[in-house]
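One-letter residues, chain by chain:
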Amino acid sequence: KSINNAITEAIESGNISKVMFREMDMVKKEIFTGRKISAAFMMMYDRLKIEDIKMYAETLAVFEEAGGNLISVMKANDQFATSKLEIRNAQNIFAESQKSSQKVVIGIPLVMIVGFFLFNPSFFGNFYSTFIGQVIAIIAISVLIAGVYLSNKLAKIE
């Protein structure tokens, strides 16, 4: 199929969102008025800011200039985009598993301290009522909060 036929079929299929319907219709009209296909898709990228559309527009621009087998190039781009998406999903799963592990690692000491305090209040004695005990408690809580903050910052995927 030609690109124009593929765009028309995508619009008429009814299997696309309202936003993509509007954008593809605009691309079709721009192509009909004489704009290059790559320029029409680049304008679509400028409106939506979706990187895959930009990659597609750049591929079409190279094809318009150099020619060649567009189908094989588009297959390679599709494989690249699929691989990129799989890697991004794997990174997100890893980050979420790290956050879950972090909750367990932080939760165990907190549960133990609360448990000792509830079941055996004399366990800590009057340690935390002294100045040194309060300083140590403040330092321990500060280190715990800093660790949570830093590990969340490290786990965040840009």
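See above for the structure.
Report on the accompanying structure. (Residues numbered from 1 in each chain as written. Predicted model: local features only at pLDDT ≥ 70, side-chain atom pairs only at ≥ 80, totals over all residues. Heavy atoms only, no water.)

Notes on a nonpolar patch on the surface
Nonpolar side chains collect at one region of the surface, where Phe 127, Tyr 128, Phe 131, Ile 132, Val 135, Ile 136, Ile 139 and Val 143 lie side by side and expose about 780 Å² of accessible area between them. You can see Ile 132 is positioned in helix H6 (residues 131-155). Classification of Ile 132 by relative accessible area gives exposed; the value is 57%. (Patch = residues over 30% accessible without salt bridge, like charges linked within 9 Å, V, L, I, M, F, W, Y side chains within 5 Å. Areas by Shrake-Rupley, 256 points an atom, 1.4 Å probe, with all protein chains shown as cover. Salt bridge = Lys/Arg side-chain N within 4 Å of Asp/Glu carboxyl O. Helix = DSSP H or I, 4+ residues; strand = E, 2+ residues; numbered from the N terminus. Buried < 20%, exposed > 50% of the residue type's maximum accessible area, 1.4 Å probe, protein only.)

A closer look at the nonpolar core
With 16 residues, the main nonpolar core has Ile 7, Val 27 and Phe 41 as its most contacted residues. Only helix H1 (3-13), helix H2 (18-32), helix H3 (37-48), helix H4 (51-66) and helix H5 (70-119) provide two or more residues apiece to this core. Setting aside residues up to four positions removed in sequence, Ile 7 forms contacts with Met 24, Val 27, Lys 28, Ile 31 and Phe 41. (Core = buried A, V, L, I, M, F, W, Y, C linked by side-chain atoms within 4.5 Å. Contact = heavy atoms within 4.5 Å.)

Notes on the pattern of salt bridges
Applying the stated criterion to the full structure yields five salt bridges. With its nearest N and O atoms 2.6 Å apart, the salt bridge here joins Glu 23 to Arg 47. A residue pair is termed long-range when its members are at least 10 positions apart, and Glu 23 in helix H2 and Arg 47 in helix H3 qualify at 24 residues. Taking the relative accessible area as the measure of exposure, Arg 47 reaches 32% and is therefore partly exposed. The partner of Glu 65 in a salt bridge is Lys 36, with the nearest N and O atoms 3.6 Å apart. Taken as a pair, Glu 65 in helix H4 and Lys 36 in the loop between H2 and H3 lie far apart in primary sequence, 29 residues in all.

With respect to H2
The end-to-end C-alpha separation of H2 is 21 Å, in line with the 21 Å expected for 15 residues at 1.5 Å each. Within the sequence span of H2, burial applies to Glu 23, Met 24, Val 27, Glu 30 and Ile 31. Across the axial projection of H2, the buried residues extend over an arc of 120°, all falling on one side. Turned more than 90 degrees off the buried face of H2, the exposed positions are Lys 18, Lys 29 and Phe 32. Residues of H2 that are buried sit in contact with H1 and H3. (Expected span 1.5 Å × (residues − 1). Arc of directions from axis to C-beta.)

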